[in-house]
Amino acid sequence: MVAEALPKNPEAPLVLGLQPAALIDNVAHVDWSLLDQIPGDRGGSIPVQKDELEHILKEINTNISVAPLKKIAGGSVANTVRGLSVGFGVATGIIGAYGDDEQGQLFVRNMGFSGVSISRLRKKKGSTAQCVCLVDDSGNRTMRPCLSSAVKIQADELSKDDFKGSKWLVLRYAVLSLEVIQAAIRFAKQEGLSVSLDLASFEMVRNSRSELLQLLESGNIDLCFANEDEAAELLRGAQEASPEAALEFLSRHCRWAVVTFGAKGCIAKHDKEVVQIPAVGETIATDATGAGDLFASGFLYGLIKGLSLEECCKVGSCSGGSVIRALGGEVTPENWQWMHKQLQLKDLPVPDIRN
């Protein structure tokens, strides 16, 4: 498959995200009756085939109680680097591949408009990945990604030039992308980048735990984010499987370790320091999609600015709190303003940008 690369930007972004497959999120607010018709655990993320995705989209479009679909460039890494760019003014870029279809164009337009460098995206013949994000009345989301037939970047398509001059590489764990993740980490370490890893979902940790443990134990992951469900799966079967125990485990392999608890805040560890921070903002989310991704944006911004561990967590809580106030994983301009106000109230550095 021939890949067509966009022209390279001479200025290297500070933070690079690797998302092998560009992804479009189809976000809809649905009632439980529709969720009950969809196979799999409510609240989880289970891959589906193209015909299943089309069936779910048809159900949404014919259900009069469902609000219109919101289509947006998605994926955990895309959410994080877009958040850093738009909300914090940090120069970011994304590495991956998109298809020669309408969804691919939408992904490129959305990321480029958000100020993310798209010069490391490769255009390929084929379809762009999609995900259905179904949000219930409690703000919890049920994800059904369709990735199997989508184009994605391969390990042998990466080069040292993709990483040269950057400082951070942002990754999301995915066993099907393990080869390209490992190749990216090799190049990143050769170029002196720090590596951040998100554990993706409790199903991903449950189903591919041994590969994940190998990745963590390699010593190449500098920063790791897990939510409480992922943390529990990570230590499944251990005598002590609490979030605190998971934090302790992660901190043995990573310089910074963070376990998030949604509305209950987070705990984090760096060296011997451990902090616990409450959440900021709404106790009931409009939509929890992207909360962890935007928490990562804020936390990384804190590290880049040289803030303390506690301050990094507070900034992360503010940015994570901003995205749950509206539908989808992209923060609205009004909610960025809300976040900047929260930073001001907490005497934290407010990014010098205009929204």
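Quick caveat, the model's predicted, so the values are computed rather than measured. All residue numbers refer to positions counted from 1 along the written sequence of the respective chain. Predicted model: local features are reported for residues with pLDDT of at least 70 only, side-chain atom pairs are reported and counted for 80 or more only, and whole-chain, interface and lining totals are derived from all residues. Each side-chain value is derived from all of the structure's non-hydrogen atoms; neither hydrogens nor water enter the calculation.

Chemist: Looking at this structure, how should I read the overall build of the chain?
Modeler: Secondary structure elements follow DSSP: runs of H or I no shorter than four residues count as helices, runs of E no shorter than two count as strands, and numbering proceeds from the N terminus. Of the regular secondary structure elements, the chain holds 12 helices and 14 strands. We compute the radius of gyration over the C-alpha atoms and compare it with the globule rule, which gives 2.2 Å times the number of residues raised to the power 0.38. Its C-alpha atoms give the chain a radius of gyration of 19 Å, within 12% of the compact-globule value 20 Å for 355 residues. Counting only C-alpha atoms, the chain reaches 55 × 45 × 45 Å along its principal axes. Contact definition: two residues touch when any of their heavy atoms are within 4.5 Å. When contacts within the chain are restricted to residue pairs at least 6 apart in sequence, long-range pairs at least 24 apart make up 76% of them. Where accessible areas are quoted, they stem from the Shrake-Rupley method and a 1.4 Å probe; at the residue level, only the protein chains shown are allowed to cover. With the model as given, the accessible surface of the chain reaches about 15400 Å², and the carbon-plus-sulfur share is 49%.

Chemist: What is the right way to read the sheet that holds strand β3 (residues 23–29) from this model?
Modeler: Strand pairing within a sheet occurs via backbone hydrogen bonds; the two strands may be parallel or antiparallel. The rule for pairing is simple: two strands pair if DSSP sees at least two bridges between them. Read from one edge of the open sheet, 4 strands run β4-β3-β7-β8, paired in mixed fashion. Only two strands of the sheet have a single neighbouring strand rather than two, namely β4 (70–74) and β8 (141–146). Sheet twist, expressed as the average angle between the axes of neighbouring strands with direction ignored, equals 25 degrees. Relative to strand β7 (residues 129–135), β3 is paired through 7 bridges, and the arrangement is parallel. Bridging from a neighbouring strand, aspartate 25 pairs with cysteine 131 of β7. An axis is simply a line fitted to the C-alpha atoms; with a helix, the fit covers only the stretch in contact. Between two such axes, the angle follows the N-to-C directions and lies from 0 to 180 degrees.

Chemist: Looking at this structure, how should I read the packing of helix α3 (residues 76–88) against helix α12 (residues 333–345)?
Modeler: For any two helices packed against each other, one specifies the inter-axial angle together with the distance between the axes. Interaxial distance between α3 and α12 falls to 11 Å at its minimum, and their mutual angle equals 70 degrees. Our classification of the angle between α3 and α12 gives roughly perpendicular. Of the residues in α12, those in contact with Gly83, Val86, Gly87 and Phe88 of α3 are Trp336, Met339, His340 and Leu343. Each angle gets one of four labels, with under 35 degrees taken as roughly parallel, over 145 as roughly antiparallel, 65 to 115 as roughly perpendicular, and the rest as oblique.

Chemist: What's the story with the nonpolar core in this structure? I'm lost.
Modeler: Note that soluble globular proteins tend to have their nonpolar side chains buried in a common cluster. In these notes, a set of buried Ala, Val, Leu, Ile, Met, Phe, Trp, Tyr and Cys residues joined through side-chain atoms within 4.5 Å is what counts as a nonpolar core. Each residue is placed in one exposure class: buried if its accessible area under a 1.4 Å probe, protein chains only, is under 20% of its type's maximum, exposed if it is over 50%, and partly exposed if it falls in between. Grouped together as the largest cluster of nonpolar side chains are 47 residues, with contacts concentrated most on Phe88, Phe107, Met111, Leu223, Val258 and Phe299. Among the elements that make up this core, the one with the highest residue count is helix α10 (residues 291–304) (7 residues). If we skip the residues at most four places from it in the chain, valine 258 touches Leu223, Cys224, Phe225, Ala226, Leu247, Cys266, Ile267, Ala268, Phe295 and Phe299.

Chemist: Can you walk me through unusual backbone geometry in this structure?
Modeler: When glycine is set aside, most residues are seen to have a negative phi, and most peptide bonds are trans. For alanine 200, which is not glycine, the phi dihedral falls at a positive 80 degrees. Here alanine 200 shows up in the loop between β10 (194–198) and α6 (202–207). Positive phi, close to 60 degrees, is recorded for aspartate 347, a residue that is not glycine. Tracing the backbone through its elements, the reader meets aspartate 347 in the segment after α12. Taking relative accessible area as the criterion, aspartate 347 reaches 70% and is therefore assigned exposed.

Chemist: Just checking my understanding: could you explain helix α5 (residues 178–190) for this structure?
Modeler: Each α-helix winds once per 3.6 residues, and so residues spaced three or four apart point in a common direction. The span one expects for a helix is its residue count, reduced by one, times 1.5 Å. Taking 1.5 Å as the rise per residue, α5 with 13 residues should run 18 Å; its terminal C-alpha atoms sit 18 Å apart, in good agreement. Here α5 has its buried residues at Leu178, Val180, Ile181, Ala183, Ala184, Ile185 and Ala188. Tucked into the core, α5 has its buried residues touching β2 (15–21), β9 (168–172), β10 and α7 (209–217). Glycine 192, located one to two residues past α5, shows a positive phi value of around 80 degrees.

Chemist: For this particular structure, what's the right way to read empty space enclosed by the protein?
Modeler: If a probe the size of a water molecule is rolled over the atoms, the empty space left behind becomes visible. With a 1 Å grid spanning the protein atoms alone, the term cavity applies to any set of points in which a 1.4 Å probe fits but cannot get out, the term pocket to an open set with protein on both sides within 12 Å along at least five of seven lines, and the term lining residue to any residue with an atom within 4 Å of a point. Grid points are joined across faces, edges and corners, and a volume is the space filled by probe spheres set on the points. The tally for this structure, following the rule as stated, stands at 1 cavity of 30 Å³ or more. Space inside the largest cavity adds up to approximately 70 Å³. At the level of elements, α3, β9, β10 and α10 are the ones that each hand at least two residues to the lining of the largest cavity. Only Asp, Glu, Lys and Arg are considered charged, only Ala, Val, Leu, Ile, Met, Phe, Trp, Tyr, Cys and Pro nonpolar, and every remaining residue, Gly among them, polar. When the residues that make up the lining of the largest cavity are grouped by side-chain class, the tally is 6 nonpolar, 4 polar and 2 charged.

Chemist: Would you mind showing me how to read the packing of aromatic side chains here?
Modeler: Think of a pair of aromatic rings as described by two things: how far the centres are apart, and how the planes are tilted against each other in angle. Within 6.5 Å between ring centres, the rings of Phe, Tyr and Trp (the latter by its six-membered ring) count as paired, and their orientation is classed by plane angle as stacked under 30 degrees, edge-to-face over 60, tilted in between. One pass over the structure, following the stated rule, counts 7 aromatic pairs. Aromatic pair phenylalanine 225 and phenylalanine 299: ring centres 5.6 Å apart, planes at 90 degrees, arrangement edge-to-face. With phenylalanine 225 in strand β11 (residues 223–227) and phenylalanine 299 in helix α10, the pair connects residues that are 74 residues apart, well separated along the chain. As far as burial versus exposure is concerned, phenylalanine 225 and phenylalanine 299 are alike and both buried. An aromatic cluster of at least three residues, connected via ring pairs, comprises Phe88, Tyr301 and Trp336.

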